[in-house]
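# Coordinate analysis (summary)
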Amino acid sequence: MSDDLIVNARVTIPAAELEFTASRASGPGGQHVNTSDTRVQLRWNVLASVALGEVQRQRVLAALASRLTTGGDLILACATHRSQRRNRDEVADRLAELVRRALVPPRPRKPTRPTAASRQRRLEGKKHRSDIKRGR
């Protein structure tokens, strides 16, 4: 239960839905990087998740559409730390933050009206252009 990923007060992703895989990180690091699997990849299937309601799922799918695979998997990787545990924690935090931001409902647009001054400027501009064309 402690490995469940808490996104916010209403959404918790069960640990069973999160698939962590470790591999060798690229880049400099000498003997350490050549022998230890510190890069962590996290895979979470948004479509099959029981953590999200239908409205929440649609929000997440819309917000993260460019990052999802065709099967609905969200894949994140982290190789910034030398420790596999720290990379695992960081990639889980990144997933929680991505989902948290995706779940925020968009603010409704308030229809606005042009100001009286802007309407006046528009009409004056049209009249000016009309006078120019009439004078040709």
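Notes on the structure in this doc start here. (Residues numbered from 1 in each chain as written. Predicted model: local features only at pLDDT ≥ 70, side-chain atom pairs only at ≥ 80, totals over all residues. Heavy atoms only, no water.)

## What about the nonpolar core?
Put simply, the rule is: What is meant by a nonpolar core is a set of buried Ala, Val, Leu, Ile, Met, Phe, Trp, Tyr and Cys residues, joined one to another through side-chain atoms within 4.5 Å. With a 1.4 Å probe rolled over the protein chains alone, any residue whose accessible area is under 20% of its type maximum counts as buried; one over 50% counts as exposed, and the rest are partly exposed. Every helix listed is a DSSP run of H or I at least four residues long, and every strand listed is a run of E at least two residues long, numbered separately from the N terminus. In what follows, a contact means two residues having at least one pair of non-hydrogen atoms within 4.5 Å.
Of all hydrophobic cores here, the largest spans 26 residues; its most connected members are I13, W44, V46, V60, L74 and L95. Within the residue set of this core, elements represented by two or more residues are β4 (39–45), α2 (54–63), β5 (73–78) and α3 (84–103). Among the elements that make up this core, the one with the highest residue count is α3 (eight residues). Filtering out sequence-adjacent residues up to four positions away, L95 remains in contact with L5, I13, L18, L42, W44, L74 and L76.

## Some remarks on the pattern of salt bridges
Rules: Should a side-chain nitrogen of Lys or Arg be within 4 Å of a carboxyl oxygen of Asp or Glu, the pair is scored as a salt bridge.
Per the stated rule, a full pass over the model turns up eight salt bridges. With its nearest N and O atoms 3.5 Å apart, the salt bridge here joins D89 to R85. Of this pair, D89 and R85 both sit in helix α3, four residues apart, which is roughly one turn of that helix. On the basis of relative accessibility, which here comes to 35%, the residue D89 falls in the partly exposed class. Looking at R85, the relative accessible area reads 49%, which means it is partly exposed.

Shape is all these values report; function is a separate question.
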